[in-house]
Amino acid sequence: MSLLSVRHLLGLEGLPAEDIQLILDTAENLKGILSRPIPKVPTLRGITVVNLFFENSTRTRISFELAEKRLSADTVNFSVAGSSVKKGETLKDTVRNIEAMKIDMVVVRHSSAGVPYFLTQCTDAVIINAGDGRHEHPTQALLDMMTLREKWGTLKGKKVAIIGDIRHSRVAGSNIRGLLTMGAEVMVCGPRTLIPPGIEELGVQVTYRLDEAIAWADALNVLRIQLERQEKGLFPSIREYHAEYGITRKRIERAKKEIIIMHPGPINRGIELDSDVADSDASIILDQVTNGVAVRMAVLVLLSGFDAAHES
Ligand code: CP
């Protein structure tokens, strides 16, 4: 029985602040386990989790698997290459066959928006969205919020600018929803072709000028230019994108204030973010990755209905 108001984690749209708060507090509690000599607790012993990845992933996939192992769950990894999907088996048949082997939870990443929701209609297992098309990537936004909250103590009233390819980004979709729910202010910035028309209706500010976003923000969440999702001609060239929207040391120094640099990874170094900024003291990119394990542990524990207050 889930300890959240939802049975599945499909996205942050409509997820109440109390749920987000509980996930972040639980993740903070569980994070201590990761630096113990033996970083393992028995909380999810007897629970079987299938990681169903139809798209490439490094961070999300490894951190879900680590989170499951740290909690003593049994884990099974599925990837399309080497599976019967290659022989034409449908998504529904794939999941129903896996479910017939008695599993409890499915973590799913897919290139189509809505696949996690679809799976809730064909299996009794708990579904966790690990990124669906351009729609949502809720655990990424939760780990981003956890990392900012660690820095600031609160998200309320803080200003986060999301820079780059907003149009193709599920990271932007989930961050906008989560940050606004938690009382932060959000600005999006990028070329007009990469910002969906009407996005202001979500409650965000929009600018097409990077220097304006840098002057406004307490933190920049710099998105990857998704060359694999992009139709041709959305910006003239990579060189021009870097000139207009690339985060460089010179631009950051011009703001004359402390500004936090985030990136969900993988980074296109020298395109959306220069290496000397990505690797600077202002960067919390690797803290985001560390917190990814704790956040995913929290989501697994809370959706399984275990009281994690006893695990710290
Ligand atoms: N941030 C993120 O989703 O990275 P991966 O694609 O490597 O999982």
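Before reading on, note that the structure itself is shown above.
Residues numbered from 1 in each chain as written. Predicted model: local features only at pLDDT ≥ 70, side-chain atom pairs only at ≥ 80, totals over all residues. Heavy atoms only, no water.

Draft legend 1. Quick peek at the packing of helix α5 (residues 138–152) against helix α11 (residues 285–304). Following both chains from N to C, one finds α5 and α11 inclined at 115°, their axes separated by 8 Å at the closest point. The two elements α5 and α11 meet at a crossing, and its hand is right-handed. The segment α5 lies against α11, with Thr 139, Gln 140, Leu 142, Leu 143, Asp 144, Met 146, Thr 147 and Glu 150 engaging Asp 287, Gln 288, Asn 291, Gly 292, Ala 294, Val 295, Arg 296 and Val 299. Its residues assigned to classes, the contact of α5 with α11 comprises 6 nonpolar, 6 polar and 4 charged. (Axes fitted to C-alpha atoms, helices over the stretch in contact; angles between N-to-C directions. Helix = DSSP H or I, 4+ residues; strand = E, 2+ residues; numbered from the N terminus. Left-handed = near helix turned anticlockwise from the far one by under 90°. Contact = heavy atoms within 4.5 Å. Nonpolar A, V, L, I, M, F, W, Y, C, P; charged D, E, K, R; others polar.)

Draft legend 2. View of α5. When the terminal C-alpha atoms of α5 are compared, their 21 Å separation across 15 residues agrees well with the 21 Å that a helix rising 1.5 Å per residue should span. Within α5, 12 of the 15 residues are buried, which leaves the element mostly enclosed by the surrounding structure. Buried residues of α5: Pro 138, Thr 139, Gln 140, Ala 141, Leu 142, Leu 143, Asp 144, Met 145, Met 146, Thr 147, Leu 148 and Arg 149, and no others. Of the residues one or two after α5, Gly 153 is the one with positive phi, at around 85°. (Expected span 1.5 Å × (residues − 1). Buried < 20%, exposed > 50% of the residue type's maximum accessible area, 1.4 Å probe, protein only.)

Draft legend 3. Region of interest: the packing of aromatic side chains. Scanning the entire structure with this criterion turns up 3 aromatic pairs. For the pair Phe 54 and Phe 78, a centre-to-centre distance of 5.5 Å together with 50° between the ring planes defines the contact as tilted. Taken together, the positions of Phe 54 in the loop between β1 (48–53) and α2 (59–70) and Phe 78 in strand β2 (residues 74–79) put the pair 24 residues apart, joining distant regions of the chain. Here the aromatic cluster, defined as three or more aromatic residues joined through ring pairs, consists of Phe 235, Tyr 241 and Tyr 245. One residue, Arg 192, lies across the ring of Tyr 208, its end atom 3.9 Å from the ring centre. (Phe/Tyr/Trp six-rings, centres within 6.5 Å; stacked < 30°, edge-to-face > 60°. Lys NZ or Arg CZ within 6 Å of the ring centre and 35° of its normal.)

Draft legend 4. Region of the structure containing the environment of Pro 42. Along the polypeptide, Pro 42 turns up in the loop between α1 (17–31) and β1. Residue classification places Pro 42 among the partly exposed residues on the basis of a relative accessible area of 45%. Residues Pro 42 and Trp 216, spaced 174 residues apart in sequence, show a C-alpha to C-alpha distance of 45 Å. Ignoring any residue separated from it by four or fewer positions in sequence, one finds Pro 42 in contact with Leu 71 and Ser 72.

Draft legend 5. Looking closely at the site of the ligand. Ser 57, Thr 58, Arg 59, Thr 60, Arg 109, His 137, Gln 140, Pro 264 and Gly 265 make up every residue found near the ligand. In this structure, an oxygen atom belonging to the ligand sits 2.9 Å away from a side-chain N or O atom of Arg 59. Protein coverage of the free-state accessible area of the ligand, which is 250 Å², stands at 90%. Classifying every residue of the shell around the ligand by side-chain character gives 1 nonpolar, 6 polar and 2 charged. (Near = heavy atom within 4 Å. Polar contact = N/O pair within 3.5 Å; in protein donor to acceptor, adjacent residues only side chain to side chain. Areas by Shrake-Rupley, 256 points an atom, 1.4 Å probe, with all protein chains shown as cover.)

Draft legend 6. Region of interest: the packing of α1 against α5. At a minimum axis distance of 10 Å, the contact between α1 and α5 shows a crossing angle of 70°. Between α1 and α5, the angle is such that the two are roughly perpendicular. As for how α1 packs across α5, the hand of that crossing is right-handed. When α1 is examined against α5, the residues Ile 20, Gln 21, Ile 23, Leu 24, Asp 25, Ala 27, Glu 28 and Lys 31 are found in contact with a partner set consisting of Leu 142, Met 145, Met 146, Arg 149 and Glu 150. Looking at the contact of α1 with α5 residue by residue, the classes come out as 7 nonpolar, 1 polar and 5 charged. (Parallel < 35°, antiparallel > 145°, perpendicular 65-115°, else oblique.)

Draft legend 7. Fine view of the pattern of salt bridges. By the definition in use, this model includes 13 salt bridges. Between Glu 13 and Arg 177 there is a salt bridge; the shortest N-O distance is 3.9 Å. Placement of the pair is Glu 13 in the segment before α1 and Arg 177 in helix α6 (residues 170–181), with a sequence separation of 164 residues. Take Glu 13: its relative accessible area is 54%, and that puts it in the exposed class. Here Glu 150 ties to Lys 31 by a salt bridge, and the two come within 2.7 Å at their closest N and O atoms. One end of the pair, Glu 150, is in helix α5; the other, Lys 31, is in helix α1, and 119 residues separate them in sequence. Classification of Glu 150 as partly exposed rests on a relative accessible area of 37%. (Salt bridge = Lys/Arg side-chain N within 4 Å of Asp/Glu carboxyl O.)

No statement about biological role is implied by the geometric values presented.
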